Amino acid sequence: MWKCDAIGLKKTVVPPEYLYQVRHIQGSPFPIEVQPSQITSATATYPAGTGLLSGTVGDNLPFEIFPNDANYNARGLYARFDQYEIGATVVANDHGGSGPREVSATNSDFVSGSGTFKATYRPLIAGTYDLFIKLIEDSSLAPIAGSPYRVIVHPSPAVGGTSEAFGTGLLSAIAGDEAYFTVRLRDQFQNVRRSRTSIDTNKLQMVAVHRLQEEIYIEKQRGIVDLLDATYSFVYVANKTGAVELNIKVDGEHVATGSGADVTYNGGSPYNVVVTSTVAEATTSTAEGWALKEATSSVPTYFSITIRDRFQNLRYEPGHNVDAVTCDIRPAVHNPTTTSEQTSANATVLGTIINNNDATYRCTYNPKFAGLNRLEVKVAGVHISGSPFIVNVADGLSKGSTSTAKGTGFWVGSMAGYLGHFTVQSVDEHGNPRNKGAGSGNDTFVVELNHNEPSTHYIDSVVTTLGQYHGASLSTSGSANVVNLTKIYGNCDEYIGNGMYHCMVSTKLRRESVHR
């Protein structure tokens, strides 16, 4: 229809049904079957499935290929003669597993019902893969749509059989000190279990058993060393020396390999750990022997010292048995009956230490002063258990050069015919009175009376002196009943206590004589 702006008439489109009519011819519409192209197009063919994205080593990772022609029509049964080359290659984040870095499809089967191919591949190395899917066209390979696909392959669960432990704590430890070792977790294909702390940390267990001492030591501390290396640190403390069985497990399975200080060590859990003693501890070290209680002046005596650490472990290991052990003895209280030597700088007598190399030491000392003495036994300057010990030191054997005598009997020569009396103070080598030691009160002294001029001194008659009878000598003065004597003996048989003896001597000499 025409339009006319003057009268407001607008143009109107006349529908075709008012102009003509359209009718199907006989038989129309006709059914026509359109077949896909006889050629599969690589660019229009695509895959689908979880195996294109991620998976776990050791599993068959699946995916499905949908063949299409260039117009994206499914090739259906016509695709059953297609061939594909499928392969996956590690390109990044290699987890160090044991196996090929390139894998091919383990299976590629045509499914007639769907006109697709179902394929799988089985990687053994954890990491990032490029999955190539290529259509074989005559003599060339054409990647299908999206190929290569980036696939993340994860390690399988950690196992003890391939996990490894290393560190000095697998071989040795010092009692009371922290022992260290590290565990690296791997799966069954040797892949390191990277960045999986939330799962793996609870699968690790350690326990150390001291079967002889019937003690169990658990981990003191656990930490993450390196997430990318799947390493975990452990700290434990063993208190008793000897062999400790260290068990390290992953989900209940022993760690099968390991290395200590020696990289050639290939043993596995349980590890045999040798625990040695720690530093010597004076308060747990002890001494034993009679010499801790009694001794005799000037007589060497000894006792045994056993060195232990703070856990009561014996310090017998090589290199550990060189502890600074000392012993010395001195008077415990001042004894006025002894010489000034007791209070001098020489009052302390140092003992001699001999190392028996079996955690024991022998202390030999030679005491000087009788009475109560203070015996100090120390390790590194600290008193051992029970030290200082109070030792009752008895006086030693009588010593003539240090004993003394006094009394009027020394002037008997001026009183001819009378008994001469004097006392002898018996003391030992160090001036200790002989009043308690072995044989005290039974010391033997020889009392001799000698002439200064034997040829001119005579005895008026044969005399008996203190029970000793003196007969006539071969030489006489020629006078009747007169004997020429050169020596007369006395005795000190009377013990009056505190190491003192009463002595007597008698003669009828006409001149002064000398006592010896």
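Residues numbered from 1 in each chain as written. Predicted model: local features only at pLDDT ≥ 70, side-chain atom pairs only at ≥ 80, totals over all residues. Heavy atoms only, no water.

Draft legend 1. Inspection of the overall build of the protein at higher detail. On a plain count of helices and strands, the protein comes out with one helix and 37 strands. A burial count over the protein gives 41% of its 516 residues as buried. Contacts spanning at least 24 positions in sequence make up 67% of the contacts within the protein whose residues lie at least 6 apart. Taken as a whole, the protein presents about 27700 Å² of accessible surface, with 53% of it coming from carbon and sulfur. (Helix = DSSP H or I, 4+ residues; strand = E, 2+ residues; numbered from the N terminus. Buried < 20%, exposed > 50% of the residue type's maximum accessible area, 1.4 Å probe, protein only. Contact = heavy atoms within 4.5 Å. Areas by Shrake-Rupley, 256 points an atom, 1.4 Å probe, with all protein chains shown as cover.)

Draft legend 2. Quick peek at the sheet that holds strand E20 (residues 286-288). Spatial strand order, E20-E22-E26-E25: four strands in an open sheet with antiparallel pairing. In the strand order of this sheet, the two ends are held by E20 and strand E25 (352-355), each with one partner. On average, each strand axis in the sheet is tilted by 25° relative to the strand beside it, whichever way the strands run. Relative to strand E26 (residues 360-365), strand E22 (residues 301-306) is paired through six bridges, and the arrangement is antiparallel. By the bridge assignment, tyrosine 302 is partnered in E26 with threonine 364. (Pairing = 2+ DSSP bridges. Axes fitted to C-alpha atoms, helices over the stretch in contact; angles between N-to-C directions.)

Draft legend 3. The arrangement of the environment of threonine 402 in detail. Among the secondary structure elements, threonine 402 is positioned in the loop between strand E29 (389-394) and strand E30 (404-406). Overall, the relative accessible area of 31% leaves threonine 402 in the partly exposed class. Separated by 28 residues in sequence, threonine 402 and histidine 430 have C-alpha atoms that sit 7.7 Å apart. Discounting residues that sit within four places of it in the chain, threonine 402 has contacts with Val427, Asp428 and Glu429.

Draft legend 4. View of the state of the cysteines. One pass over the structure, following the stated rule, counts two disulfides. Two residues, cysteine 492 and cysteine 503, share a disulfide whose sulfurs are 1.8 Å apart. On the sign convention where negative is left-handed, the bridge of cysteine 492 and cysteine 503, at about 110° about the S-S bond, is right-handed. On the criterion of sequence distance, the pair formed by cysteine 492 in strand E35 (residues 487-497) and cysteine 503 in strand E36 (residues 500-506) is long-range, its members being eleven residues apart. No difference in accessibility class separates cysteine 492 from cysteine 503, as the two residues are buried. Taken N- to C-terminal, the disulfide-bonded cysteines of the protein are connected 1-2, 3-4. (Disulfide = S-S within 2.5 Å.)

Draft legend 5. Representation of the nonpolar core within the structure. Counting 27 residues, the largest nonpolar core has Phe63, Tyr84, Ile86, Tyr121, Leu131 and Ile133 as the members making the most contacts within it. Listed by contribution, the elements that provide at least two residues to this core are strand E3 (61-68), strand E4 (84-92), strand E6 (116-121), strand E7 (127-137) and strand E9 (149-154). In contact with tyrosine 84, other than residues within four places in its own chain, are Thr40, Thr45, Ile65, Pro67, Phe117, Ile133, Lys134, Leu135, Ile136 and Ile144. (Core = buried A, V, L, I, M, F, W, Y, C linked by side-chain atoms within 4.5 Å.)

Draft legend 6. The arrangement of the pairing of strand E19 (residues 271-276) in detail. Direction of pairing for strand E11 (residues 172-174) relative to E19: parallel, over a ladder of three bridges. From the neighbouring strand, alanine 173 faces E19, where its bridge partner is valine 275. Relative to E19, strand E16 (residues 242-250) is paired through five bridges, and the arrangement is antiparallel. Among the inter-strand pairings, valine 244 is bridged to a residue of E19, identified as valine 273.

Draft legend 7. Region of the structure containing the side chain of histidine 210. Mapped onto the secondary structure, histidine 210 falls in strand E13 (residues 204-210). Classification of histidine 210 by relative accessible area gives buried; the value is 1%. A polar side-chain atom of histidine 210 sits 2.7 Å from the main-chain carbonyl oxygen of threonine 241. Setting aside residues up to four positions removed in sequence, histidine 210 forms contacts with Glu215, Tyr217, Lys240, Thr241, Gly242, Ala243 and Val244. (Polar contact = N/O pair within 3.5 Å; in protein donor to acceptor, adjacent residues only side chain to side chain.)

Draft legend 8. A look at the packing of aromatic side chains. One pass over the structure, following the stated rule, counts seven aromatic pairs. One aromatic cluster in this structure is built from Tyr84, Phe110 and Phe117. Against the face of tyrosine 302 rests arginine 362, its NZ or CZ located 3.5 Å from the ring centre. (Phe/Tyr/Trp six-rings, centres within 6.5 Å; stacked < 30°, edge-to-face > 60°. Lys NZ or Arg CZ within 6 Å of the ring centre and 35° of its normal.)

Draft legend 9. The arrangement of the pairing of E7 in detail. Inspection of the sheet shows E4 paired to E7 by eight bridges, in the antiparallel sense. Counted as the bridge partner of glutamate 85 is lysine 134 from E7. Where E7 meets E9, five bridges bridge the pair, whose relative direction is antiparallel. Across the sheet, glycine 127 pairs through a bridge with valine 153, a residue of E9. Looking at chain direction, E7 and strand E8 (residues 140-143) are connected through four bridges and run antiparallel. What sits directly across from isoleucine 136, in E8, is leucine 141.

Draft legend 10. View of the pattern of salt bridges. Taken as a whole and judged by the stated rule, the model has 14 salt bridges. Between aspartate 229 and arginine 184 there is a salt bridge; the shortest N-O distance is 2.9 Å. Taken together, the residues span a long stretch of sequence, with aspartate 229 in the loop between strand E14 (215-226) and strand E15 (231-237) and arginine 184 in strand E12 (residues 178-186) at a distance of 45 residues. Here aspartate 229 falls in the partly exposed class, since its relative accessible area comes to 25%. The exposure class assigned to arginine 184 is buried, which follows from its relative accessible area of 15%. (Salt bridge = Lys/Arg side-chain N within 4 Å of Asp/Glu carboxyl O.)

Draft legend 11. A look at a nonpolar patch on the surface. Together, Val14, Tyr18, Leu19, Tyr20 and Val22 give the surface a local cluster of nonpolar side chains, amounting to about 620 Å² of exposed area. Mapped onto the elements, tyrosine 18 comes out in the segment before strand E1 (41-48). (Patch = residues over 30% accessible without salt bridge, like charges linked within 9 Å, V, L, I, M, F, W, Y side chains within 5 Å.)

Draft legend 12. Fine view of unusual backbone geometry. Note the cis peptide between serine 28 and proline 29, where omega equals 0°. Even without a glycine there, the phi angle at asparagine 93 is positive, about 60°. Topologically, asparagine 93 is positioned in the loop between E4 and strand E5 (102-111). Classification of asparagine 93 as partly exposed rests on a relative accessible area of 42%. The backbone of serine 298 sits at a positive phi, close to 70°, despite the residue not being glycine.

Draft legend 13. Representation of the confidence of the model for the protein in the model. Summary statistics for the protein give a mean pLDDT of 82 and a share of 82% for residues scoring 70 or more. Overall, residues 260-264 carries pLDDT values under 50, and its contacts beyond four positions in sequence, including any with other chains, amount to six contacts. Contacts from residues 455-484, a stretch scored under 50 in pLDDT, to residues over four places away or in other chains number 58 contacts. (pLDDT = per-residue confidence, 0-100.)

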